[in-house]
Each structure stands twice: as C-alpha cells, then as structure tokens.
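Per-entry structural report
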Amino acid sequence: MMSDKVGVAVIGVGGAVATTAIAGIEMIKAGSNDLSGLPLADRNVDGMSAYSDLEFGGWDLAEGDLGSCAMRHGVLSENDLQDGASSLRGMKAWPAVGSKAHCANIDGNNRMASGHRAAVEQIREDLDQFKQDRGLDRMVVINLASTEKMPDSDETSLASLDAFESGLDADDPAISPAMLYAYAAIGAGTPYANFTPSMAADVVPLAQLAADENVAVAGKDGKTGQTFLKTVIAPALRDRALHVDGWFSTNILGNSDGLALDDPKSLASKLDTKGSVLDDILGYKVEDHIIMIHYYRPRGDDKEAWDNVDLTGFMGQKMQLKLNFLCKDSILAAPLAVEIARCLDLAAKRGQGGVREELSLFFKAPQMANGKAPEHAFDKQQAMLDHWLIEGGEKG
C-alpha cells in the first residue's frame, strides 16, 4: 500500500524542540537513527502514518537555516547534522507572527506583515504552498513556540466566535499570535495541537470553531518531565493512603523556553498548567504545593527538576520522598510532538474532529470538550489512548 505524505507545520520551527524532532525523523529516514524514545513506535495501528511519511516546515521569528538554529540550542551536534539530518541546513523558517506584548523576551526579524486578517491569510497561504511544494496528502499544525502571557478573563473578543471575528477585523491586541495560528489552521480544515501553555484552541470561540468544522484539536502544554513524574507517582501515593502534606518543585533550565519564562507574565501561564495537576489526582488540596522555575543560562537544554514530597503514613508517621530528574528537555519533548502529529493525522483520517481528549497523556492541562474535568493520572490517560488507538473511538 502506498504511503501518504503528511506535512507537520510547526510554529516555532527554529526552536530546540522542533529542530530536535526534525533531525530525529530525518535520521530515521536516512537509517542513522532508530526508534528509541518514541512512545508509539511499537504500535501497529491501522491508518497511522509512519515516521518516514512526515515532512516538516514552519514559522519562526529567527532568521537563518534550521541547522544553524539547532547548533545554537546545543542539543544536536555537528555529527548529527552530517549523519542524516543535513537537510536542516537547507531549511529556513517562514516569516512568523510575533508580539512582544504577548511574549516579552522572545523576538526576531523574520516577521510576516502586521494585522490580524493579513496574518491569517498569510498562514493559510503558507500551508497551501507547503502542501503543493512537498506533494502532501494531509497536514497538521503544532505549536512549539514560546509561552505567551495569559489573556485577561474579561476580554470581549474571546467570549464568542462572532466576537472573535470582530476582534480580528479590529486587530484587537487581546488576540495573540497563538490564537491567530489556531484560527487559521482550524478554518483551513487542518488539525491543530498546542504543545505550549499559551491560550489558543482552548479559548471559547476556537473550541467552538473546531467543533463546528469537525477539525481535530488537542492541547495543552506538553507533559515531559516533572509533571509527567507527578502524574505517575501521585496516583500511587493516593492508592497507598500516603497523605501528601506538601510538594516542593523547582526547575532550572537555560534554553529559549527558560528565557521566555524569565518574563513573569509568561511564567504565570506555565505555573497555571503545572499547578492544577496534583489536587485533581489526589482528591484534596495540597496546601503547600510550591512550584518554581528559574532561568539559568549555563544549563542550556539540560534541565534539572527537583522535588521534595512530605508524606504522612500509618500511625501519623512522617516521611519524605525526594526526586532529582536531570533530563534533556528537547529529547523528552520532541518525540511527543511527533506522536501528537501522527495521532491528530489519524483522527483526521478517521473523520474525528473537535477536542481529542484521547491525547490527554501528552499534556499537563488536557483540553476537554463541554467543560469536563480532565483526567490527569498517567495510567488512566494511557488506557484512554490505547483504547482509542485500538478501537478507533467514535466516528466523525
């Protein structure tokens, strides 16, 4: 059977996660990389595209080729770029939508024309050109850009689809770049995933648009390291009746994600998605749940996540659990971005639009339909995904 070509259009394609994902897939195609670290590599799911079927492109504010971008991030080596991933040297990002008002610490000169409607039109033209140039059968869009600030809760343009359309016409500053990309993708019938904490397809008008147009969406904020471990460990502590008295979490990282989060407004968005998980799993509020993220430039992409958990057990005895996860941020995130793209493409092939709750295990704050509370426990999320992959779920 002939394979389909699936385009993955990445917002933030010059970032560490995106360049790592592209390099890994290109090296798989070249035979210089195996399938290690890809969570769904051992699944034989009817209709799911192969890793070698994926083609990448996308937008970024950074200038220069993606190989140069990758070298700046320090995740890939020169040997990697010569050993199957050399195509990054020939790839350049399309001009992107940028806003210092929404993401204060990230900027660049590779910008598209200003104005909301003009940006939406350009994004759709880019997608059309991508499909034509690469001979693609289908496409997905995934947001791997830097974290934006949270919008105010009373923004009129975010209250309904009609209000959002009016906001686009008026270039309302409440409508962020992430929302413009999501609107453009959904309106073009292209599945969209939000791997960032930014508000995008989860705002009321865009969730409505995805449901109305039967376009698959998923998000938000990729669950890669510290929160991933919380969603594995917390259910076990609950089931063993070990009461969590306090959970102290701190992170240090020095990549562009850390730089973006060095802005207090962007940091608030990140802490919001990281902080909601624990209480939901345990079924009670942990009064002393502290989360800290620090930008520490020398560490680069080698993130360190450190946790101290204070517990009360049988007969009121106090205990502690300490975790120290020294990880490579993009090496954890890139495979998830790839799998999300493959799953969204599968949903599109199945005719399943709207919020794809089956992909919850990939996200810290899973987007849900109809105001439902998300499931955060990793084992239950895994079972939900497995069932959907095997059984196919509902038809569109």
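Refer to the structure printed above.
Residues numbered from 1 in each chain as written. Predicted model: local features only at pLDDT ≥ 70, side-chain atom pairs only at ≥ 80, totals over all residues. Heavy atoms only, no water.

Describing unusual backbone geometry
Let me state the cut-off plainly: Numbering goes from the N terminus for both helices and strands, where a helix is a DSSP run of H or I of at least four residues and a strand is a run of E of at least two. Working definition: with a 1.4 Å probe on protein chains only, accessible area under 20% of the residue-type maximum means buried, over 50% means exposed, and in between means partly exposed.
Cis geometry is adopted by the peptide bond preceding Lys220, which originates at Gly219 and carries an omega value of 0°. Backbone geometry at Ala241 places phi at a positive 60°, although glycine is not the residue there. Relative to the elements of secondary structure, Ala241 occurs in the loop between α8 (226–239) and β6 (243–253). For Ala241, a relative accessible area of 62% puts it in the exposed group.

Side note on empty space enclosed by the protein
Keep this limit in mind: Method remark: on a 1 Å grid restricted to protein atoms, a set of points is classed as a cavity if a 1.4 Å probe fits but cannot get out and as a pocket if it is open with protein on both sides within 12 Å along at least five of seven lines; lining residues have an atom within 4 Å of a point. Grid points are joined across faces, edges and corners, and a volume is the space filled by probe spheres set on the points.
Using the criterion set out here, one finds three cavities of 30 Å³ or more in the structure. By volume, the largest cavity amounts to about 50 Å³. What lines the largest cavity is simply Val8, Val10, Ala18, Ala21, Phe56, Ile142, Leu144, Ala337, Val338 and Ala341. The set of elements that each furnish at least two residues to the lining of the largest cavity consists of β1 (6–11), α1 (16–30) and α12 (329–349).

A closer look at helix α13 (residues 378–391)
Note the cut-off: Here the expected span of a helix is defined as 1.5 Å times the quantity of residues minus one. It is the directions from the helix axis to the C-beta atoms whose arc is reported. Contacts are residue-level and defined by heavy atoms, with any inter-residue pair within 4.5 Å sufficient.
Taking 1.5 Å of rise per residue, 14 residues should cover 20 Å, and α13 covers 20 Å from first to last C-alpha, within 8% of that figure. Taken residue by residue, α13 has Phe378, Gln381, Leu385, Trp388 and Leu389 as its buried positions. With its buried residues spanning 100° around the axis, α13 presents them on a single face. Exposed side of α13, more than 90 degrees from the buried face: Asp379, Ile390 and Glu391 are the residues found there. Looking at the buried residues of α13, the elements they touch are α8 and α12. Positive phi shows up at Gly392, right after α13, with a value of about 95°.

Quick look at the side chain of Ser249
Test applied: For this analysis, a polar contact is any N or O atom pair within 3.5 Å, provided that within protein one partner can donate a hydrogen and the other can accept it, and provided that sequence-adjacent residues contribute only side-chain to side-chain pairs.
On the secondary structure map, Ser249 appears in strand β6. Since its relative accessible area comes to 0%, Ser249 is described here as buried. There is a polar contact of 3.0 Å between the side chain of Ser249 and the side chain of Lys230. The contact partners of Ser249, leaving out residues within four places of it in the chain, are Gln226, Lys230, Ile290, Ile291, Met292, Trp306 and Asp307.

Considering the pattern of salt bridges
Put simply, the test is: Each salt bridge in this description consists of a side-chain nitrogen of Lys or Arg and a carboxyl oxygen of Asp or Glu lying within 4 Å of one another.
The full count for this structure, using the stated rule, is 23 salt bridges. In this structure, the salt-bridge partner of Lys29 is Glu26, at a minimum N-O distance of 3.3 Å. Remark: Glu26 and Lys29 occur in helix α1; sequence separation between them is three residues, near one turn of the helix. A salt bridge links Asp329 to Lys303; its shortest N-O distance comes to 3.3 Å. Residue Asp329 is located in helix α12, and its partner Lys303 is located in strand β8 (residues 302–312); the two are separated by 26 residues in the primary sequence. For the pair Asp329 and Lys303, one class covers both residues: buried. Salt bridges here are not isolated pairs; linked through shared partners, they connect Asp4, Arg138, Asp345 and Lys349.

Considerations on the pairing of strand β5 (residues 216–219)
For clarity, the cut-off: One requirement defines pairing of two strands: DSSP has to find at least two bridges between them.
The alternating pattern of β5 places Ala216 and Ala218 and Val217 and Gly219 on opposite faces, both of which are buried. Pairing analysis gives two bridges linking β5 to strand β10 (residues 354–355), with the strands arranged parallel. Its bridge partner being in β10, Ala216 is matched across the sheet by Gly354.

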